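# Coordinate analysis (summary)
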Amino acid sequence: METIELATSFGRMLRIWRTERRLSQADLANAIETPPRHISFLETGRSNPSRDMVARVAAALDVPLRDRNALLRAAGFADVYRDHSLSDVEMRQLRQAVAYMIRAHNPYPSFVIDRRWNILDANENGKRMMSLVSGSIPFEPPGMTANMLDAVFSSGGFRSYISNWERFARHFIQRLHRESASDEELACVLSRLHDQSDLPNDWWKFDVEHVDAPMLPVEMSIGGARMAFFTVVAGIALPTSVLAQDIKVETMFPANPETERLVRDHEFFSERPTG
C-alpha cells in the first residue's frame with residue numbers, strides 16, 4: 001500500500017491552503033501586497049517566510065488557528081494560539097452553547113465532533129442513528145469513543161446503508177486530505193483507513209483541484225426506507241481559542257419531503273432496521 005504523504009514543509013502547506021481557497025499566486029500576492037514571485041519562492045522553498053509573512057498569508061487565506069500554529073512551526077517559529085481542553089473552566093459557556101445547539105436540532109440527527117472526527121456528543125436522534133447503523137463500533141455516551149470516520153468507512157457501519165457510496169466516499173476522502181495536511185495525527189488516521197479499506201487505491205489520491213457539489217446529499221436505505229440528508233457543519237467563532245475552532249457541530253437536514261416525514265412523523269430512528 002502506498003502511504004499518504006503528510007505536508008510537513010511550509011511551502012507545501014501554503015500551496016494546499018492557497019489552492020483550497022481557489023486563489024492564484026497572483027491573487028494571494030495582491031491580497032498581502034507582495035510580488036507574485038515571492039509567493040512562488042515561498043511555495044518552492046527558495047525563500048523562507050518571516051513570522052509576519054506567515055501571519056499575513058494565514059489571515060489572507062482564513063486559515064484556522066490550529067493550522068496557523070502548524071504553519072508557524074513549519075516556518076521555524078513557536079505557536080501563538082493557545083490550546084484548551086473541553087473540560088477547562090474557560091470552556092464552560094462553549095459546552096453549554098454546543099449542548100443547546102444539538103438539542104434544538106431534534107428530531108434531526110446532530111453530532112459534536114472534534115478535529116479528528118471523534119464524536120463528543122450527539123442529540124437524541126443522533127444517538128439513535130449511530131446505534132442503528134454503527135454495528136460493533138462503540139457508542140456509549142457519556143464518554144463516547146466512536147469515531148465518525150470509522151462509522152462511515154467500516155463495513156459494519158454507515159457504508160452499507162449509503163446508496164450513493166462511491167460519490168460520497170470520494171468527496172469525504174478529499175475533505176480528509178485537506179484537513180490532514182497540517183495535522184499529523186489525522187494524517188495517521190487517514191493512512192489507517194486507507195490501509196484497512198478495500199476501496200480502490202485511486203480513490204485515495206489527493207486531488208488539489210477537486211471540486212464537488214456544495215451540498216452533497218447522503219442517500220441512505222435503512223429498514224427498507226430510503227432517506228436523503230444534507231449536512232451543515234457549524235464552527236465556533238472564538239478568535240483566540242484553538243479548541244473552539246476544532247469543535248464542529250454537524251447537523252443533518254432532510255433533503256426531501258419523504259425523509260422529513262419519516263423522521264418527524266414516525267420516529268424512524270427509534271426502530272431497529274430489519275434489512
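Residues numbered from 1 in each chain as written. Predicted model: local features only at pLDDT ≥ 70, side-chain atom pairs only at ≥ 80, totals over all residues. Heavy atoms only, no water.

Further remarks concern the environment of S110. By secondary structure assignment, the location of S110 is in strand β1 (residues 110-113). Given the relative accessible area of 0%, S110 is considered buried. The spatial distance from the C-alpha of S110 to the C-alpha of N125 is 7.5 Å, given a sequence separation of 15 residues. Once residues within four sequence positions are removed from consideration, S110 is found in contact with I102, H105, A122, N123, G126, V249, E250 and T251. Among the polar contacts listed, one links the side chain of S110 to the backbone oxygen of E250, at a separation of 3.4 Å. (Helix = DSSP H or I, 4+ residues; strand = E, 2+ residues; numbered from the N terminus. Buried < 20%, exposed > 50% of the residue type's maximum accessible area, 1.4 Å probe, protein only. Contact = heavy atoms within 4.5 Å. Polar contact = N/O pair within 3.5 Å; in protein donor to acceptor, adjacent residues only side chain to side chain.)

This part covers the environment of W204. Take W204: it is sitting in the loop between α10 (184-196) and β3 (218-222). As a C-alpha pair, W204 and H194 span 10 residues in sequence and 7.1 Å in three-dimensional space.

What follows deals with the sheet that holds β3. Strand order in the open sheet formed by 5 strands is β2-β1-β5-β4-β3, and the pairing between neighbours is antiparallel. Two strands lie at the open edges of the sheet, namely β2 (119-122) and β3, each paired on one side alone. Between one strand axis and the next, the sheet turns by 30° as a mean value, whatever way the strands run. (Pairing = 2+ DSSP bridges. Axes fitted to C-alpha atoms, helices over the stretch in contact; angles between N-to-C directions.)

Taking 1.5 Å of rise per residue, the 15 residues of helix α9 (residues 165-179) would be expected to cover 21 Å, and the 21 Å separating its terminal C-alpha atoms lies within 8% of that figure. Buried within α9 we find W165, F168, A169, F172, I173, Q174, L176, H177 and R178. In the core, the buried residues of α9 are packed alongside α1 (10-20), α8 (148-153), α10 and β3. (Expected span 1.5 Å × (residues − 1).)

This next bit is on unusual backbone geometry. Excluding glycine, a negative phi dihedral is what most residues carry, and trans is how most peptide bonds are arranged. The omega angle of the peptide bond from N106 to P107 is 15°, so this bond is cis rather than trans. Within the chain, E33 stands out as a residue other than glycine whose phi angle is a positive 55°. Inspection of the secondary structure puts E33 in the loop between α2 (25-32) and α3 (36-44).

Summed over the entire model, instances satisfying the criterion amount to 7 aromatic pairs. Ring geometry for F230 versus F253: centroids 5.5 Å apart, planes at 15°, classification stacked. Here the residue F230 occupies a position in strand β4 (residues 225-234), and F253 occupies one in strand β5 (residues 248-254), the gap between them amounting to 23 residues. Taking the relative accessible area as the measure of exposure, F253 reaches 27% and is therefore partly exposed. The rings of W117, F153, W165, F168, F172 and W204 are connected pair by pair, giving a single aromatic cluster. (Phe/Tyr/Trp six-rings, centres within 6.5 Å; stacked < 30°, edge-to-face > 60°.)

If you look at the biggest cluster of nonpolar residues, it comprises 39 residues, and the most contacted ones within it are F111, F153, F158 and W165. With 6 residues, the single largest contributor to this core is α9. Ignoring sequence-local partners within four residues, the contact set of F111 consists of I119, D121, A122, G126, M129, M130, M148, K248, V249, E250 and M252. Grouped together as the second largest cluster of nonpolar side chains are 18 residues, I32, V57, L71 and L72 included. (Core = buried A, V, L, I, M, F, W, Y, C linked by side-chain atoms within 4.5 Å.)

Moving on, we come to the packing of α1 against helix α5 (residues 65-74). Orientation of α1 relative to α5, taken along the N-to-C sense of each, is 145°, at an axis distance of 9 Å. Mapping the contact onto sequence places F10, M13, L14 and W17 in α1 and D67, A70, L71 and A74 in α5.

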